[in-house]
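A look at the structure
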Amino acid sequence: MADRCPGGLGAGSRRLGRATAEDRPRCAARRREAAPPLPRGVLAALACLLAAGLAPACDPAPTSTPTPTPSQSPPIASLAALPRPASPEAPAPTGAAHASNPLGLPAHSVKLDPGRRVFTFSDRMLAGARLGSTLVLYAATVVGFEGDDLIIEGRGGPSYKVHPGYVIPVPDAPRLRPHDPVLTEWNGVMKHAVITRFVKDKMEVRYTDMDPRTPLALLKGVRFVVQTEGLVPGNFAAWKDGETWRHVLLVSRLGGPPADPGAVVTSLPSSSARWFALGYGGAALLADESALRPLPIKPQLKIGASVWAEWVGALRPAVVQSAEETGLYTVKFERAGRPATVGWGLLTPPLGS
């Protein structure tokens with residue numbers, strides 16, 4: 001007999017009218033009784049599907065702690081307060097390849113008393129130095145000696161040893177005059193400058209090897225070395241590297257006969273001396289003295305003069321356009337667009353072969 005539940009549709013049924021509230025539960029029960037039983041496998045699958053919303057695919061519940069959501073994460077201040085594992089900074093290497101002479105410079109001597117000021121390199125720079133490494137000269141103080149090595153007061157750390165070839169001595173009380181080219185400091189780093197005037201107990205200087213827009217500086221209690229002409233530690237020089245003249249900073253003269261006191265040291269074709277110097281970007285190098293030419297420390301150039309000026313570590317042909325202020329020139333490079341401002345020590349009249 002066909003199903004005739006009011007308001008429902010059964011197999012072969014027809015609509016008889018709207019079902020009442022009492023009829024609906026009774027009709028649902030009659031349908032469940034009339035429906036054929038589901039196979040056991042289907043029932044198991046349905047059970048897993050229903051459980052999926054509560055546990056992943058009928059697998060055992062995970063035992064690891066779940067990752068907290070952003071709203072549950074601890075604040076940054078709490079993380080910062082957590083103790084950190086000890087990870088001390090790797091110490092500088094010591095032993096046979098000691099940081100006092102990583103480049104293996106030959107024996108070299110300087111006469112200094114403890115307490116004297118110098119420009120030299122930090123212990124960490126020396127520890128990993130090799131030819132081509134970037135090195136920067138810093139202001140420092142000699143506190144003692146060990147053999148030929150100088151003991152340098154550490155920069156926020158222990159004292160360390162330095163071979164004399166890595167040091168530029170600084171006089172205690174140099175005689176300074178306006179318009180003198182000097183070695184001095186900028187934030188502890190050795191820089192080239194020109195003294196513009198005295199302001200009470202301070203020196204006003206213009207830096208000549210920095211961005212020309214760097215303002216004048218008033219200095220007090222810093223190191224000064226008055227530059228002298230020739231191949232002298234702290235001066236710039238031209239180094240003939242193949243067919244290119246490189247711009248280098250001289251640090252120390254190694255080997256060769258000692259120069260006469262007061263003599264202007266220039267390159268000698270037969271010289272056996274070499275120089276430890278810094279090239280573009282502070283790259284450490286060794287140059288034969290015969291391949292070096294001194295650059296004027298205080299060039300006297302006229303507008304329209306042909307010169308060689310430093311550009312990306314090399315000396316390039318240029319023409320002087322103006323001498324704007326003490327220590328600076330404006331030049332126009334060949335096959336270049338905008339003029340550039342360069343300082344003393346960064347340009348020279350054209351050099352011979």
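Residues numbered from 1 in each chain as written. Predicted model: local features only at pLDDT ≥ 70, side-chain atom pairs only at ≥ 80, totals over all residues. Heavy atoms only, no water.

Things to note about the overall build of the chain
A count of helices and strands for the chain gives 4 helices and 20 strands. Restricting to contacts in the chain with at least 6 residues of sequence separation, those with at least 24 account for 53%. (Helix = DSSP H or I, 4+ residues; strand = E, 2+ residues; numbered from the N terminus. Contact = heavy atoms within 4.5 Å.)

Observations regarding unusual backbone geometry
Unusually for a residue other than glycine, Lys200 sits at a positive phi of about 55°. Looking at the element boundaries, Lys200 is found in the loop between strand 7 (189-199) and strand 8 (202-207). Of note, Val312 is a non-glycine position whose phi angle comes to about 55°, a positive value. Within the secondary structure, Val312 sits in the loop between strand 16 (306-311) and strand 17 (314-322). For Val312, a relative accessible area of 46% gives the class partly exposed. (Buried < 20%, exposed > 50% of the residue type's maximum accessible area, 1.4 Å probe, protein only.)

Here we look at a nonpolar patch on the surface
A cluster of nonpolar side chains, Tyr280, Trp311 and Val312, forms an exposed patch at the surface whose accessible area comes to about 360 Å². Judged by its relative accessible area of 48%, Trp311 is partly exposed. (Patch = residues over 30% accessible without salt bridge, like charges linked within 9 Å, V, L, I, M, F, W, Y side chains within 5 Å. Areas by Shrake-Rupley, 256 points an atom, 1.4 Å probe, with all protein chains shown as cover. Salt bridge = Lys/Arg side-chain N within 4 Å of Asp/Glu carboxyl O.)

Some details on the pattern of salt bridges
All told, the structure shown has 11 salt bridges when counted by the stated rule. The salt bridge involving Arg177 is made with Asp180; its shortest N-O contact spans 3.8 Å. Taking the relative accessible area as the measure of exposure, Arg177 reaches 58% and is therefore exposed. Arg246 is the partner of Asp241 in a salt bridge, and the nearest nitrogen-oxygen pair spans 3.4 Å. Residue classification places Asp241 among the partly exposed positions, given a relative accessible area of 32%. Arg246 sits in the partly exposed class, given a relative accessible area of 31%.

A look at the packing of aromatic side chains
Counted by the stated rule, this structure contains 5 aromatic pairs. With 6.4 Å between their ring centres and 85° between their planes, Phe121 and Tyr166 make a pair best called edge-to-face. In this pair, Phe121 sits in the loop between strand 1 (117-120) and helix 4 (123-127) while Tyr166 sits in the loop between strand 4 (160-162) and strand 5 (168-169), placing the two residues 45 residues apart along the sequence. Assigned by exposure class, Phe121 and Tyr166 land together as buried. Between Trp311 and Phe333 the ring centres are 5.5 Å apart and the planes differ by 50°, which places this aromatic pair in the tilted class. Of this pair, Trp311 sits in strand 16 while Phe333 sits in strand 18 (residues 328-333), placing them 22 residues apart in sequence. Accessibility expressed as a relative area gives 7% for Phe333, which makes it buried. (Phe/Tyr/Trp six-rings, centres within 6.5 Å; stacked < 30°, edge-to-face > 60°.)

Structural notes on the pairing of strand 19 (residues 340-343)
The side chains of a regular strand alternate, residue by residue, between the two faces of the sheet. Of the pairings in the sheet, the one linking strand 18 to strand 19 comprises 4 bridges and is antiparallel in character. The partner of Leu328 across the bridge, within strand 19, is Gly343. Following strand 18, the chain reverses through 6 residues before pairing antiparallel with strand 19; Arg335 in that reversal takes a positive phi of roughly 55°. (Pairing = 2+ DSSP bridges.)

Regarding the environment of Val189
Inspection of the secondary structure puts Val189 in strand 7. By relative accessible area, which is 17% here, Val189 ends up buried. Put simply, Val189 and Ala139 are 50 residues apart on the chain and 6.2 Å apart in space, counted from C-alpha to C-alpha. Leave out the neighbours within four places in its chain, and Val189 touches Val136, Leu137, Tyr138 and Thr184.

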